[in-house]
Amino acid sequence: MDDIKLAMLRNKEAAKRLTEAGVLLPCPGCGESSAKICYVCGDHFGMCKTCGWTGPFRNAEYEARLAWNTRAPILSESEMEMLDEH
Ligand SMILES: [Zn+2]
């Protein structure tokens, strides 16, 4: 199982590794991997370019990325298996 799936199963260590690598998890709203970190008026936040889902506002880009990665949709093992079949 890769770090993205581990992070979506609420594995904090995997989420941290992805954050340090600059990776954002798929969007909690639409599932697309098109999230970007935006910067507006001193705040950083993750935003999905597909559906506009917005993550928590943070002072630093790293913190915003970590917040995005730790608030991703929480999937059960069986839901994860269904994703693998597609
Ligand atoms: Zn989205």
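Data block above holds the structure.
Because the structure is a prediction, the values reported are computed rather than measured.

### Side note on the coordination of the zinc ion
Protein ligation of the zinc ion involves Cys27 (SG), Cys30 (SG), Cys48 (SG) and Cys51 (SG), the donor distances falling in the range 2.2 to 2.3 Å. Given four donor atoms and angles of 102 to 115° at the metal, the environment of the zinc ion is assigned as tetrahedral. If you list the donors of the zinc ion from N- to C-terminus, the spacing comes out as C-x2-C-x17-C-x2-C. Pair noted here: Cys30 is in the loop between helix 2 (12-20) and strand 1 (35-40) and Cys48 is in strand 2 (residues 43-48), with a separation of 18 residues, a long-range link.

### A closer look at helix 3 (residues 61-69)
Among all positions of helix 3, only Ala64, Arg65, Ala67, Trp68 and Asn69 are buried. Buried residues in helix 3 make contact with helix 2, strand 1 and strand 2.

### A word on the environment of Tyr62
By the element assignment, Tyr62 lies in helix 3. Look at Tyr62 and you get partly exposed, because its relative accessible area is 28%. Once the C-alpha coordinates of Tyr62 and Lys16 are considered, the two residues, 46 residues apart in sequence, prove to be 10.0 Å apart. Among all residues touching Tyr62, those that are not within four sequence positions of it are Lys16, Thr19 and Glu20.

Parameters at a glance
Residues numbered from 1 in each chain as written. Predicted model: local features only at pLDDT ≥ 70, side-chain atom pairs only at ≥ 80, totals over all residues. Heavy atoms only, no water. Donors = N, O, S within 2.8 Å, 3.2 Å for Na, K, Ca; no water. Tetrahedral: all angles 85-135°; square planar, octahedral: opposite > 155°, others 65-115°. Helix = DSSP H or I, 4+ residues; strand = E, 2+ residues; numbered from the N terminus. Buried < 20%, exposed > 50% of the residue type's maximum accessible area, 1.4 Å probe, protein only. Contact = heavy atoms within 4.5 Å.

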